[in-house]
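Listed here are the chains, written in short residue letters.
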Number of protein chains: 2
Amino acid sequence: MDDNAFREAATASIEEIINYYASLGQRPVVSTVEPGYLRKLLPDAAPEKGEAWEAIRRDVEDKIVPGITHWQSPNFFAFFPCPSSYPSILGELYSATFAAAAFNWICSPAVTELETVVLDWLAQLLGLPEEYLSTGPTRGGGVIHGTASEAVMTMMTAAADKYLRASLAADHAGFDALSEEEQEDLRAARRSRLVALGGGTAHSSAKKAAQVLGLRYRSVPAPASNGYRISGDGLRETLDKVRAAGLEPFFLSTTFGTTDTCAVDDYASIAAVLETYREEQRAAGHDADASDIWVHVDGAYAGSALVAPETRASMCPAPSDPNDPNSAPIGTAVLRRFHSFNMNMHKWLLTNFDCSCAFVRDRRWLVNALGADAHYYRNDYSDGGLVTDYRDWQLPLGRRFRSLKVWFVLRTYGGEGLRAYIRRSISLGERFAKSLTTRPDLFEIITGPQFALTVFRAARLTPDEAPEVTSQRTRRLCELINGGGKIWVTGTTLEGNTAAIRVMTGNFSTHEEHVDGASKIFVETAEKVLAEEKAKSA
Amino acid sequence: MDDNAFREAATASIEEIINYYASLGQRPVVSTVEPGYLRKLLPDAAPEKGEAWEAIRRDVEDKIVPGITHWQSPNFFAFFPCPSSYPSILGELYSATFAAAAFNWICSPAVTELETVVLDWLAQLLGLPEEYLSTGPTRGGGVIHGTASEAVMTMMTAAADKYLRASLAADHAGFDALSEEEQEDLRAARRSRLVALGGGTAHSSAKKAAQVLGLRYRSVPAPASNGYRISGDGLRETLDKVRAAGLEPFFLSTTFGTTDTCAVDDYASIAAVLETYREEQRAAGHDADASDIWVHVDGAYAGSALVAPETRASMCPAPSDPNDPNSAPIGTAVLRRFHSFNMNMHKWLLTNFDCSCAFVRDRRWLVNALGADAHYYRNDYSDGGLVTDYRDWQLPLGRRFRSLKVWFVLRTYGGEGLRAYIRRSISLGERFAKSLTTRPDLFEIITGPQFALTVFRAARLTPDEAPEVTSQRTRRLCELINGGGKIWVTGTTLEGNTAAIRVMTGNFSTHEEHVDGASKIFVETAEKVLAEEKAKSA
């Protein structure tokens, strides 16, 4: 493909992209292809001779687009959003152009330096404590991972390393003087007793991280009676239980906006319990660092909301002055008492997947755990300690130039534009929830609207209806809604096998008319489900 | 940014991309900015009001491009390549447009299905045994990771899981009937004795994977006397040593084309030693599966060369019929005796970073180790087993639509075009190496040319010159070359503290005139270094 062919192909692609977005409201949200559809349409092998772009372009339209589920559709109310935006697409375009492995500073200084700058910008926009900025007092900073899964896995890795260093040095006099093999034996044996904790409604990525890292994992209860969130009491109970079993807790994954219901863990009580735990451990002779359980705050989705200052109190509504119940809420300042935080700009901040931004209060924890050195990557800049080598903040070595799209998005929308978008999403959630409340005969809200997410179920026909009957009705409602092809929502199951439906109104393309359309579809379909039930029982 | 603004911005960007590539030969390869340059040029915070594209575009040219090291330059001879190509850029453009989290099939069937199809195409193009195809006899298949680091970490995770399942079940009667906690205790204790092995010249990613996963790691010797590769003898020695220390080897990371010298491990002898080891273990009463050490073949860079059939013998030159030394070499068929393989299309096959393609002989090993289930991700397609959910083949949950760019590249160039490119790279390597041999007074080739990589050093002035003197001369040569700004090469240190220079000729933009230019610069600079030495000693 020469310059002219590229110019022609790319110019045509741009028109197609514009047309694609313009057509989204008219397309069924979810692909309706059958499993295996594509293999039937494609040859068994790559072509021997190169093909012209025109043939490929046609196949995108004819063979790929039918197999696409349109996450950018205004009628996509499922999961969480996964936004694209024009400036972000331009970011990907330039990033692809400047392709580099970028595993250290000299590989392309702009890749490293822009990342540091825009993550400081982002931390400020989100109202994070200055400890999470690269310029802050505790050597903090941010890094862009692909996904929240990687962010959590990275933090868990660093937490295990931090805990093991501290506890081995404290418990074994002269540890540093032991042979490498002796150190390794002690470390491996100790590691086999570590246990990571995560909220009972935390995302599956926390458990998977432990599974991959070969670490034990226990859930902290997050019962419906507590709003599906974890609190100090449940944490204390779990800590005592694992300690009694001879295990050593070192890490707690908490959630600011769970996947199921956007619940926010009770950070004030969690911080208090961990403070007490630290004091007890120290009183029992344990090292201060080894008594410090690493708390990660996963705000993969809801973290984006923090650009709107009025949402920050929700992270920790407790008063900042314990003696004055009317003092300002602690809010995001509670992060000072924790260790790391992540949010996905690719979920709710107009930046293309992948873009999970993770912040840490002390970047040395990452470098200690993840630093690896090979002579062919050595250079004066890295050796001199003048520059950041993000390879030591993450699992892989190489990295994409992801900060470009972040920079384009932050500049194109500005703080003002991003806040307006978040506020619109939240207000659409309220609009949708309100529409449900006008029909208590059909719907019962379980949680929310919270961060543009409403979780509800079909109404009970009698107050003492068996829960499974309500759940069946809810599942049938969800099935018919998604089968109808006009909108897409997510069915889930909450504590006690309670079927529920999640409706998320965070897509950039979603406006009042789409939310009203969804409400109408819900009412009509719920009435249909009731009619079906009536017909069956008749 | 509305449709018109995007159209205008994107159209202008396309011209800039074309101009950027056209200008690469004239630009210094390596950025010459000082650490911290960018922060001085940018505001301290994101703008409050959105900015117009024109301001952003200007900043890309004025502030970002000076901080870019031009990996696509024809004068980039460093590390390994990290190619971009026009069809691949179009792939990224469409992938960004169809943005989706794509963690399961229904999230966008085309994302999953195209990946399966193009990785089968690629496996065929590379001449992999059919066991590595999704349609093959052993339930194999391929998956696209971001980097080789992730591929190796994923395979190591699966290998540990496979080994632990087999050995725990074999060694503990009634293991399945034990309580979850009892199983976990046995598993954790056993895991603490596992040891992963990797070649002494294997990429740092293998060691880092073990570090992250909390597994022990030992190097298998890959001495200069054996061409910097591992062989059966060294492996046997390492196996005996770790066994004697009470450790359990479960994984071996080998390399098809090491980073330093593009060495290829001696697979025939490795396979033979592992077969003997298995027999011994079984004779000693160990379970067959637990006696099977997982062998991963990391062909991150050189794997791409396999599209040219004449390179395949180099993977295993031993005769396929042990009784007939003239029979065809085993070649890639040796992978049948191993477990997994990866190669980075983003290194030498015209596909933008990130695109590391990993293949496995039995995909159940991955799903067993990495499968995680959360109710909000459940759906009929996944539950019915009809579809592939690649989230269970990788560390993260979500995934980008990377197969699009692979598809665009394979179709645009065809098998023919890719082979021609690889052959040109290799022949340019031979041309460069030949130029060195015409000046034995200045240069001494250490290895290669092998897969377009030549490793050499400054010539010794006398046969008995102290090695450190030659190394100092080599380092000075490398320093002056890279300081000159016209070309970029990599300095490294081989066994015995031998300084060496790596020159890689794999860039798509590199042609004969660039290689000849590099040769000329090397001759001139080497003569300058000798003159410097003379002046000093005078």
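Residues numbered from 1 in each chain as written. Chains lettered and ligands numbered in written order. Predicted model: local features only at pLDDT ≥ 70, side-chain atom pairs only at ≥ 80, totals over all residues. Heavy atoms only, no water.

As recorded in an unreviewed UniProt entry, chain A goes by Aromatic-L-amino-acid decarboxylase and comes from Sporothrix eucalyptigena. As its UniProt record puts it under Cofactor (unreviewed entry), chain A is described as follows: "pyridoxal 5'-phosphate". (UniProt positions renumbered as here; feature names shortened; annotations may be inferred.)

This brings us to the pattern of salt bridges. Tallied over the full model, the rule gives 92 salt bridges over all chains. With a shortest N-O distance of 2.7 Å, Asp59 of chain A and Arg411 of chain B are connected by a salt bridge. Within this pair, whereas Asp59 of chain A is found in helix α3 (residues 53-64), its partner Arg411 of chain B is found in helix α14 (residues 403-437), the two belonging to separate chains. We note a salt bridge from Asp171 of chain A to Arg190 of chain A, for which the minimum N-O separation is 2.7 Å. With Asp171 of chain A in helix α6 (residues 148-171) and Arg190 of chain A in helix α7 (residues 180-191), this pair connects stretches of sequence that are 19 residues apart. Residue classification places Asp171 of chain A among the partly exposed residues on the basis of a relative accessible area of 35%. Looking at Arg190 of chain A, the relative accessible area reads 13%, which means it is buried. One continuous salt-bridge network, built from bridges that share partners, spans Glu92, Asp354, Arg400, Arg402 and Lys405 of chain A. (Salt bridge = Lys/Arg side-chain N within 4 Å of Asp/Glu carboxyl O. Helix = DSSP H or I, 4+ residues; strand = E, 2+ residues; numbered from the N terminus. Buried < 20%, exposed > 50% of the residue type's maximum accessible area, 1.4 Å probe, protein only.)

Residues and elements named next belong to chain A. With their axes 10 Å apart at the nearest point, helix α14 (residues 403-437) and helix α16 (residues 512-537) run at an angle of 25 degrees to one another. By the angle between their axes, α14 is roughly parallel relative to α16. When you trace α14 past α16, the crossing you get is right-handed. In contact with Leu428, Arg431, Phe432 and Ser435 of α14, α16 contributes Glu512, Val515, Asp516, Ala518, Ser519 and Phe522. By residue class, the composition of the contact of α14 with α16 is 5 nonpolar, 2 polar and 3 charged. (Axes fitted to C-alpha atoms, helices over the stretch in contact; angles between N-to-C directions. Parallel < 35°, antiparallel > 145°, perpendicular 65-115°, else oblique. Left-handed = near helix turned anticlockwise from the far one by under 90°. Contact = heavy atoms within 4.5 Å. Nonpolar A, V, L, I, M, F, W, Y, C, P; charged D, E, K, R; others polar.)

This next bit is on the relation of the copies chain B and chain A. Each copy of the sequence occupies a distinct position, and chain B is placed on chain A by a rotation of 180 degrees and an axial shift of 0.0 Å, giving an RMSD of 0.0 Å. Each copy turns onto its partner about a two-fold axis. Using C-alpha coordinates, one finds that chain B approaches the rotation axis most closely at Leu213 of chain B, a distance of 2.3 Å. Comparing interface residues between copies, 100% of those in chain B also sit at the interface in chain A, which points to an isologous, same-surface contact. (Least-squares fit on C-alpha atoms with pLDDT ≥ 70 in both.)

With that settled, the discussion passes to the sheet that holds strand β9 (residues 453-458) of chain A. Residues and elements named next belong to chain A. Taken together, 4 strands build an open sheet; the order of strands is β8-β9-β11-β10 and the sheet is antiparallel. The sheet terminates laterally at β8 (443-450) and β10 (490-494), the two strands that pair on one side only. Neighbour-to-neighbour, the strand axes of this sheet turn through a mean angle of 30 degrees, independent of strand direction. With 5 bridges connecting them, β8 and β9 associate as antiparallel partners. Considered in β9, the bridge of Ile445 is made with Phe456. In the packing of helix α15 (residues 467-484) onto the sheet, the strands contacted are β8, β9, β10 and β11 (498-504), and the crossing angle to β11 comes to about 35 degrees. (Pairing = 2+ DSSP bridges.)

Turning next to the packing of aromatic side chains. Counting across every chain of the model gives 58 aromatic pairs over all chains. Ring plane angle 5 degrees and centroid distance 4.0 Å describe the contact between Phe6 of chain A and Tyr86 of chain B, whose orientation is recorded as stacked. Residue Phe6 of chain A is located in helix α1 (residues 3-23), and its partner Tyr86 of chain B is located in helix α4 (residues 86-97); the two belong to separate chains. In this structure Phe6 of chain A comes out as buried when scored by relative accessible area, which is 0%. Classification of Tyr86 of chain B as buried rests on a relative accessible area of 8%. Their ring planes at 85 degrees and their centres at 5.4 Å tell us that Phe79 of chain B and Trp488 of chain B sit as a pair that is edge-to-face. Of this pair, Phe79 of chain B sits in the loop between α3 (53-64) and α4 while Trp488 of chain B sits in the loop between α15 (467-484) and β10 (490-494), and the two are 409 residues apart along the sequence. In this pair, the class of Phe79 of chain B matches that of Trp488 of chain B, namely buried. One aromatic cluster in this structure is built from Phe6, Tyr94, Phe98, Trp407 and Phe408 of chain A together with Tyr20, Tyr21, Trp53 and Tyr86 of chain B. Looking at Arg411 of chain A, its charged tip hangs above the ring of Trp407 of chain A, at a distance of 4.9 Å from the centre. (Phe/Tyr/Trp six-rings, centres within 6.5 Å; stacked < 30°, edge-to-face > 60°. Lys NZ or Arg CZ within 6 Å of the ring centre and 35° of its normal.)

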